[in-house]
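Single-letter residue listing:
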Amino acid sequence: MKLKVLLISNMYPSSQFPYYGTFVKEMEDALIKTQLVEIDRIVITKSQNYIIKAVSYLTFFSRVVLTLGLFGKKYDVVHAHFLNHTLIPFFFLNKSNMSKWVFNGHGSDVFPEKKRGDVLGKVSKWAIRKADSVVVPSEYFKKEVVKKFSLNPNTVFISPSGGVDVTLFRGIRAIDPSRKVVGFLGRIEENKGINLFLDAISLSKTKGIKAKIAGTGEMVHQLNDRIKQDRRLPTTKYLGAIAKSEVPQFFDDIDLFLFLSDRKGESLGLTALEALAASCPVLALDRGAVRDFVLHDENGYLVPQKDPQQIAKWVDHFFSLDQQQTEKMKNKAYSVALKYDSASIGKDLVNHYYHLT
């Protein structure tokens with residue numbers, strides 16, 4: 001018999017904003033592929049109109065309260081993503097005789113980037129006590145959530161945000177020794193490391209190095225201006241926002257992925273995992289969850305400081321490797337990514353549901 005699951009999230013992707021809450025959709029897809037659950041959802045998609053946004057939240061809160069208040073027993077598990085806005089309706093609900101409640105924490109829940117996040121964090125610290133289980137994306141984030149919310153570590157379950165569908169990536173591929181391309185994929189913002197990326201590649205001494213950048217964000221204009229004006233930069237191509245279906249090809253077209261996010265709330269680093277699934281080694285800042293899967297000098301490099309000279313040094317080191325060394329690093333990248341395959345991640349989460357019920 002399939003488990004009946006209600007998915008709740010105040011972030012969910014749409015055709016207009018495909019990257020808004022994409023990890024929520026990825027986890028949902030991983031669960032559906034197990035064929036062991038039936039999922040209903042109450043979610044909010046992104047809107048840039050403040051009136052529509054306010055109405056969406058009021059409707060969202062009302063639907064959660066009414067659905068669980070009237071039909072709470074209908075579901076085996078209620079899985080609510082984000083510990084701030086999403087948990088507000090749970091203040092008005094009586095937990096007794098209802099389904100099991102699973103609350104899923106993400107980056108901004110523990111490390112809010114706006115002042116209202118601090119206020120909502122205090123609210124959620126009370127609401128989270130109603131949970132039967134708290135799900136987090138990584139071991140790093142588990143430690144932070146346990147510390148912030150004073151939780152019993154045994155009630156916190158690690159599930160890496162749906163994992164990576166390795167079947168979408170090409171895995172181990174042929175090596176072109178003449179190609180030297182580094183890549184950046186993510187939000188074009190300061191704390192995601194776009195300026196650090198540009199500074200590092202401008203200092204690279206690798207002959208013939210090129211760069212590809214994809215994503216969108218508040219610094220797109222500055223990025224385009226710098227590409228045009230900074231003569232120190234190697235050949236650099238900005239692709240703009242790319243569709244999810246184009247991500248495997250992006251990684252297939254580069255040789256080294258630079259993941260330079262400096263956010264404390266980087267609770268997993270899904271793009272870095274996707275790079276590994278495409279057998280593309282990753283150079284990352286040595287912090288947060290990436291330490292779980294980027295193994296220094298094995299499938300990439302971990303750089304301790306936000307130092308463009310040090311990053312450039314490791315970029316040059318990578319491109320100085322011979323073909324056998326490069327092959328070994330790419331093979332290790334793929335083998336590590338297999339541990340995060342969405343098929344096994346989905347089954348593990350469903351097993352967790354069964355354990356709760």
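Further up the page is the structure itself.
What comes next is a walk through the structure.

What counts and how
Residues numbered from 1 in each chain as written. Predicted model: local features only at pLDDT ≥ 70, side-chain atom pairs only at ≥ 80, totals over all residues. Heavy atoms only, no water. Buried < 20%, exposed > 50% of the residue type's maximum accessible area, 1.4 Å probe, protein only. Helix = DSSP H or I, 4+ residues; strand = E, 2+ residues; numbered from the N terminus. 1 Å grid on protein atoms, 1.4 Å probe; cavity = no way out; pocket = protein on both sides within 12 Å on 5 of 7 lines; lining within 4 Å. Points joined across faces, edges and corners; volume = space filled by probe spheres on them. Nonpolar A, V, L, I, M, F, W, Y, C, P; charged D, E, K, R; others polar. Pairing = 2+ DSSP bridges. Axes fitted to C-alpha atoms, helices over the stretch in contact; angles between N-to-C directions. Contact = heavy atoms within 4.5 Å.

Let us look at helix H6 (residues 194–203). Within H6, seven of the ten residues are buried, leaving the element largely enclosed by the surrounding structure. Buried within H6 we find Ile194, Leu196, Phe197, Leu198, Ala200, Ile201 and Ser202.

Here we come to empty space enclosed by the protein. Counting across every chain of the model gives two cavities of 30 Å³ or more. Within this model, the largest cavity holds a volume of roughly 50 Å³. What lines the largest cavity is simply Phe259, Ser261, Arg263, Glu266, Leu285, Arg287, Gly288, Ala289 and Val290. Residues that form the lining of the largest cavity fall into these classes: four nonpolar, two polar and three charged. If you add up the space inside the second largest cavity, you get close to 40 Å³. Of all the secondary-structure elements, those providing two or more residues to the lining of the second largest cavity are strand E1 (3–12), helix H1 (22–33) and strand E3 (77–81). Per-element tally for the lining of the second largest cavity: the top contributor is H1, with three residues. Considering only residue class, the lining of the second largest cavity consists of six nonpolar, two polar and one charged.

Take the sheet that holds strand E8 (residues 210–214) next. On the basis of which strands lie adjacent, the open sheet formed by six strands has the order E9-E8-E7-E10-E11-E12 and parallel pairing. Each having just a single partner strand, strand E9 (235–238) and strand E12 (300–303) make up the two edges of the open sheet. Averaged over all pairs of adjacent strands, the angle between strand axes in this sheet comes to 20°, irrespective of strand direction. Direction of pairing for strand E7 (residues 181–185) relative to E8: parallel, over a ladder of five bridges. For Leu185, the partnering residue across the bridge sits in E8 and is Ala214. Helix H9 (residues 270–277) rests against E7, strand E10 (256–259) and strand E11 (282–285) of the sheet, and its axis sits at about 170° to E10.

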